[in-house]
Amino acid sequence: MAVPVRQCGLCRAGNHGVTLLTALCAQFSRLAGSAAVSPRWPSLSATAQSLSTCQVISRKTQMTPDSLFFRKPYFYYRSLLTTPNACCYNKVHDEKQKPDPFKLAQKDLKDLYEDIKKELFVSKAELKCLCDYYFDGKGKALRPMIVVLMARACNFHSNKTRELLPGQRSIAMISEMIHTASLVHDDVIDGSSTRRGKTTVNEIWGERKAILAGDFILSVASMALARIGNNSVVSVLSQVIEDLVRGEFMQLGSKENENERFKHYLEKTFKKTASLIANSCKAVSILVNSDPEIHEIAFQYGRNVGIAFQLVDDMLDFTSSANQLGKPSAADLRLGLATGPVLFACQQSDGVQQTSYLAQHYCQEAIRQISQLCPSPERDALVQLTETILTRNK
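Presented here is an overview of the structure given in this document. These numbers come from a predicted model, not from an experiment.

Quick word on the overall build of the protein chain
- Along its length, the protein chain carries 19 helices and four strands.
- Burial analysis of the protein chain (394 residues in total) assigns 55% to the buried set.
- Excluding contacts between residues fewer than 6 apart, the proportion of contacts in the protein chain whose partners are at least 24 apart in sequence is 79%.

Describing the environment of P377
- Within the element layout of this structure, P377 appears in helix α19 (residues 377-391).
- Considered as a pair, P377 and F156 are 221 residues apart in the sequence and their alpha carbons are 9.8 Å apart.
- Residue contacts for P377: discarding those within four places in its chain leaves P99, L104 and R162.

Some details on helix α11 (residues 207-228)
- For α11, built from 22 residues, the straight-helix expectation of 32 Å at 1.5 Å per residue is met to within 8% by its first-to-last C-alpha distance of 32 Å.
- Listing the buried residues of α11 in full gives A210, A213, G214, I217, V220, A221, A224 and L225. The arc that holds the buried residues of α11, viewed along the axis, is 145 degrees, so those residues lie on one side. Facing away from the buried side of α11, by more than 90 degrees, are the exposed residues R208, L212 and A226.
- Against α6 (112-119), α7 (125-132), α9 (166-190), α10 (201-205) and α12 (231-251) lie the buried residues of α11.
- Two residues or fewer past α11, G229 is found with a positive phi of approximately 75 degrees.

A short note on the nonpolar core
- Ranked by size, the top nonpolar core spans 84 residues in total, and within it I146, M150 and Y301 carry the most contacts.
- The dominant element in this core, judged by the number of residues it contributes, is helix α14 (residues 292-319), at 14 residues.
- When residues no more than four places from it in sequence are discounted, the contact partners of M150 are C281, V284, A298, Y301, I370, L373 and L382.

Structural notes on the packing of α11 against α12
- Between α11 and α12, the least distance of the axes is 9 Å, while the angle of their chain directions is 160 degrees. Between α11 and α12, the angle is such that the two are roughly antiparallel. Handedness of the crossing formed by α11 with α12: right-handed. Counting all contacts with α11, which are made through L218, L225 and I228, the residues of α12 involved are V233, V234, L237 and I241.
- Here the contact of α11 with α12 is composed, by residue class, of seven nonpolar, no polar and no charged.

Focus: α9
- For α9, spanning 25 residues, the distance from its first C-alpha to its last is 36 Å, which sits close to the expected 36 Å at 1.5 Å a residue.
- Extensive coverage of α9 is indicated by the burial of 21 of its 25 residues.
- The first or second residue beyond α9 is G191, which carries a positive phi of 65 degrees.

With respect to the pattern of salt bridges
- Applying the stated criterion to the full structure yields 18 salt bridges.
- Notably, a salt bridge pairs E365 with R368, separated by 3.0 Å at the nearest N-O pair. Of this pair, E365 and R368 both sit in helix α18 (residues 351-370), three residues apart, which is roughly one turn of that helix.
- The structure contains a network of salt bridges with shared partners spanning D186, E248 and K272.

Some details on the environment of R261
- As for its position among the elements, R261 is in helix α13 (residues 258-286).
- Here the alpha-carbon distance between R261 and L343, two residues 82 residues apart in the chain, equals 8.5 Å.

A word on the packing of helix α8 (residues 142-159) against α9
- With their axes 8 Å apart at the nearest point, α8 and α9 run at an angle of 155 degrees to one another. The angle between the axes of α8 and α9 places the two elements in the roughly antiparallel class. Regarding α8 and α9, the two cross each other, and that crossing is right-handed. Residue-level inspection shows R143, P144, V147, V148, A151 and N155 of α8 in contact with α9, the latter providing Q168, I171, A172, S175, E176 and H179.
- Split by residue class, the contact of α8 with α9 holds six nonpolar, four polar and two charged.

Some thoughts on the side chain of D380
- Examined against the element boundaries, D380 turns out to sit in helix α19.
- On the basis of relative accessible area, D380 is assigned to the buried category, the value being 12%.
- Reaching out from D380, the side chain makes a polar contact with the side chain of R379 at a distance of 3.1 Å.

What about the packing of aromatic side chains?
- All chains considered together, the criterion is met by five aromatic pairs.
- Members of the aromatic cluster, connected to one another through ring pairs, are Y133, Y134 and W205.
- The side chain of R143 reaches across the aromatic face of F309, ending 5.5 Å from its centre.
- When the ring centre of F309 is taken as reference, the NZ or CZ atom of R392 above it lies at 3.9 Å.

Cut-offs and rules
- Residues numbered from 1 in each chain as written.
- Predicted model: local features only at pLDDT ≥ 70, side-chain atom pairs only at ≥ 80, totals over all residues.
- Heavy atoms only, no water.
- Helix = DSSP H or I, 4+ residues; strand = E, 2+ residues; numbered from the N terminus.
- Buried < 20%, exposed > 50% of the residue type's maximum accessible area, 1.4 Å probe, protein only.
- Contact = heavy atoms within 4.5 Å.
- Expected span 1.5 Å × (residues − 1).
- Arc of directions from axis to C-beta.
- Core = buried A, V, L, I, M, F, W, Y, C linked by side-chain atoms within 4.5 Å.
- Axes fitted to C-alpha atoms, helices over the stretch in contact; angles between N-to-C directions.
- Parallel < 35°, antiparallel > 145°, perpendicular 65-115°, else oblique.
- Left-handed = near helix turned anticlockwise from the far one by under 90°.
- Nonpolar A, V, L, I, M, F, W, Y, C, P; charged D, E, K, R; others polar.
- Salt bridge = Lys/Arg side-chain N within 4 Å of Asp/Glu carboxyl O.
- Polar contact = N/O pair within 3.5 Å; in protein donor to acceptor, adjacent residues only side chain to side chain.
- Phe/Tyr/Trp six-rings, centres within 6.5 Å; stacked < 30°, edge-to-face > 60°.
- Lys NZ or Arg CZ within 6 Å of the ring centre and 35° of its normal.

Right, here's the structure in full:
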């Protein structure tokens, strides 16, 4: 999830990972001491105080991807990045009360991958092997877990029942299928050789067969989506496919202006990563509640968590080893792409730390959104999940 690193004026070929960030920050530190460079940013403490994410905002406020961050200039993002405020949720919940999101969703996800393999059943042995390759149960299953928890939280909010509807579980499966298909295609585009600690599909079977396998997974996901029989859900999840393609095209280009460059990066991050989570959450809410406000809460939680997840992922690209990640570290830089840490480093700051602060800001907004639903173990698990996302190391 990146914009071309060549747009960063301080990038030099041959520098990768933390070494590059250190070099960038060091060079900016030297420049900052000269009279030629003047401060660009407003008072951080004053701006952050006025933009506190724990303040009360009307439930009528509709915060779409174009209205919350994407239209803001770069200094807006930078001004948010002071030491993060303590989350309002933590003030009223002690450690004993925090549910484990993985345990809560475990029952619903127990046979998820086996059910996906049944959906992907095909008589041709090689195609079946290609399609089943990543559905081995070794992935994070983050997306279906979020979808299941959101479904149960919305069900309890609407009908005081936490039982999962069959259509909602199908959406959890579909979200994982779309995600996996996008990984197969991404590995072809990026020329990746490892994924989840094993050799990629394109490395074993070749690019042409990998692309066809990804297409086949998407086609099966589309058929499963049609069987749910809800036109609104079909429309919402179809948007995900469009966003994935548009996001990939956005990654091929960038913006010359620094404010536009950061907006471009965040919008692309939404399209390539967060759209799937946001629209899947919205889809399960549609199946149980006709209130657009509930749909928006579900969407905004997924959107903010999705962006935070990718920001942390971009950060780990510099701070974790290839063994931890299950894929090459500093991969985006080697492809000539700049993620959040590099963009921040180009702006006279600690790129990794500032990316971490921005991810925390998105998680705080996710908590504010989901806290509008009635209290339930699943709602609280979605809150707890934000901490898991921020503290993960792979």
